[in-house]
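Letter by letter, the chains look like this.
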Amino acid sequence: MTEARTTPLDDRIRSDIAHNARVWNHWLGGKDNYPVDRAVGDQVTGMYPSIGEVARADRAFLGRAVRYLAGDAGIGQFLDIGTGLPTADNTHEVAQHTAPDSRIVYVDNDPTVLVHARALLTSSPEGATEYIDADARHPERILRAVEPTLDLKKPVAVMLLGILNFVLDADEAQRIVRTLMDAMPSGSHLVLTHPTPELGGEGNEAAMRFWNENATPPITARSRAEFAAFLTGLELVEPGIVSCARWRAEPGAVEVAQFGAVARKP
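Residues numbered from 1 in each chain as written. Predicted model: local features only at pLDDT ≥ 70, side-chain atom pairs only at ≥ 80, totals over all residues. Heavy atoms only, no water.

Looking only at helices and strands, the chain features 11 helices and 11 strands. What you see for the chain is a C-alpha radius of gyration of 17 Å, in line with the 18 Å of a compact globule of 266 residues. Taking the principal axes of the C-alpha coordinates as reference, the chain spans close to 45 × 45 × 35 Å. Counting across all 266 residues of the chain, residues that qualify as buried make up 53%. Put simply, 75% of the contacts in the chain that link residues at least 6 apart link residues at least 24 apart. Carbon and sulfur atoms provide 50% of the accessible area of the chain, an area that totals close to 11500 Å². Here the chain contributes 26 positive and 36 negative side-chain charges, whose respective centroids are spaced 2 Å apart. (Helix = DSSP H or I, 4+ residues; strand = E, 2+ residues; numbered from the N terminus. Rg over C-alpha atoms; globule rule 2.2 N^0.38 Å. Buried < 20%, exposed > 50% of the residue type's maximum accessible area, 1.4 Å probe, protein only. Contact = heavy atoms within 4.5 Å. Areas by Shrake-Rupley, 256 points an atom, 1.4 Å probe, with all protein chains shown as cover. Lys, Arg positive; Asp, Glu negative; His and termini not counted. Charge placed at Lys NZ, Arg CZ, Asp CG, Glu CD.)

We now examine unusual backbone geometry. The omega torsion of the bond from glutamate 147 to proline 148 falls at 10 degrees, within 30 degrees of zero and hence cis. Looking at the secondary structure, you find proline 148 in the loop between helix H8 (139-146) and strand E6 (157-161). Of note, the phi angle at leucine 199 is positive, near 55 degrees, even though the residue is not glycine. Positionally, leucine 199 belongs in the loop between strand E7 (189-195) and helix H10 (204-214). Of note in this structure, arginine 248 is not a glycine but carries a positive phi near 50 degrees. The topology assignment puts arginine 248 in the loop between strand E10 (242-243) and strand E11 (258-264).

Turning next to the environment of valine 66. Among the secondary structure elements, valine 66 is positioned in helix H4 (residues 51-70). Discounting chain neighbours no more than four positions away, the residues touching valine 66 are Phe78, Thr91, Val94, Ala95 and Met159.

Next up on the list: the nonpolar core. Considering soluble globular proteins, one finds that nonpolar side chains tend to be buried as a cluster. Among the nonpolar cores identified, the biggest contains 86 residues, and Phe78, Leu79, Leu160, Leu164, Leu190 and Leu231 are the most heavily contacted of them. Setting aside chain neighbours within four positions, we find leucine 190 in contact with Val158, Leu160, Val177, Met181, Phe230, Leu231, Leu234, Ala261, Val262 and Ala263. (Core = buried A, V, L, I, M, F, W, Y, C linked by side-chain atoms within 4.5 Å.)

What follows deals with the environment of aspartate 110. Here aspartate 110 lies in the loop between strand E4 (103-108) and helix H6 (111-115). Each C-alpha atom of the pair aspartate 110 and alanine 21 lies 7.3 Å from the other, and the pair is 89 residues apart in sequence. Within the local environment of aspartate 110, its side chain forms a polar contact with the side chain of histidine 19, the two groups lying 3.3 Å apart. (Polar contact = N/O pair within 3.5 Å; in protein donor to acceptor, adjacent residues only side chain to side chain.)

Note on placement: isoleucine 51 falls in helix H4. In the structure, isoleucine 51 is positioned 160 residues away from tryptophan 211 in sequence and 12 Å away in space, judged by C-alpha atoms. For isoleucine 51, the residues in contact, after removing those within four places along its chain, are Trp27, Val44 and Thr45.

With that settled, the discussion passes to the pairing of E11. Within a regular strand, side chains alternate between the sheet's two faces. Counting buried positions over the 7 residues of E11 gives 6, a clear majority of the element. Across 2 bridges, strand E9 (residues 235-236) lies against E11 in antiparallel orientation. Counterpart to leucine 236 in the pairing with E11 is alanine 263. Two elements, E10 and E11, share 2 bridges in a ladder whose sense is antiparallel. Bridging across to E11, valine 242 finds its partner in glycine 260. (Pairing = 2+ DSSP bridges.)

Glancing now at the pairing of E7. Counting buried positions along E7 yields 7 of 7 residues, so the element is predominantly enclosed. Of the two faces of E7, the one lined by His189, Val191, Thr193 and Pro195 and the one lined by Leu190, Leu192 and His194 are each fully buried. Looking at chain direction, E6 and E7 are connected through 5 bridges and run parallel. In the strand pairing of E7, leucine 161 is matched with threonine 193. Taking the sense of rotation as the criterion, the β-α-β connection linking E6, helix H9 (residues 170-182) and E7 turns out right-handed. (Right-handed = clockwise from strand over helix to strand, strands pointing away.)

Our focus in this paragraph is H4. The end-to-end C-alpha separation of H4 is 29 Å, in line with the 28 Å expected for 20 residues at 1.5 Å each. Burial within H4 is extensive, with 16 of its 20 residues counted as buried. (Expected span 1.5 Å × (residues − 1).)

This brings us to the packing of aromatic side chains. As enumerated under the stated definition, the model contains 5 aromatic pairs in all. Consider the rings of phenylalanine 61 and tryptophan 247, whose centres lie 5.5 Å apart with planes at 75 degrees: the pair is edge-to-face. Taken together, the residues phenylalanine 61 in helix H4 and tryptophan 247 in the loop between E10 and E11 connect sequence positions 186 residues apart. Judged on exposure class, the residue phenylalanine 61 and its partner tryptophan 247 are both buried. (Phe/Tyr/Trp six-rings, centres within 6.5 Å; stacked < 30°, edge-to-face > 60°.)

Keep in mind that these numbers describe shape and distance, not what the molecule does.
So this is what it looks like as structure tokens:
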């Protein structure tokens, strides 16, 4: 396990303020959260009742995207940034079920996720997993730490699911994506999800304001055009930019206000 911090872990875990990874865990029905996370999460749900559907749709999108990448696209390496707390069907489980020799690096800066990192470090005998304790805002540090688990001369799937929405500055968010993808060879893929004020997300505005006043880290939503800008220079995989709930999903999937897309670096 690679650790990029020296602050004692106990000093980094805050049980007095809600944190995204733990609230998300609560919305998914997990137990790795504190009363403050449940209180804030339930308040957000009261203001925006479909947030639980968004969380579940984002997780299901992860599974479909990884199965496609490890299968049809032939990608054997995954860089999952903004991992979140372990739950069912984590990236390495889905990828290695399809291709047992898949290699996965997880990245997160939440100390609670670090506590549970051992659950992410299981692997098939043929493959490998690693966990890096680092912040998505420092992509250069992440890129230095991924080797030798990942070989950056071979295609990698870079996964940024529900993470760029915590980077409030649009230019910084663009820089993160550009730095990561510039380091990847042709044939690599970018996998994104992001909340949006579109697709019925207008009602989420008050809930986001409440979140930013009572939880960490602060969050922002982005339009389709802003989301599409992250994919500049890449080739969209069908069906393109859609609600993550409808990306290669069964007919009749309920739309949620969260864009999802997979794109290939030419």
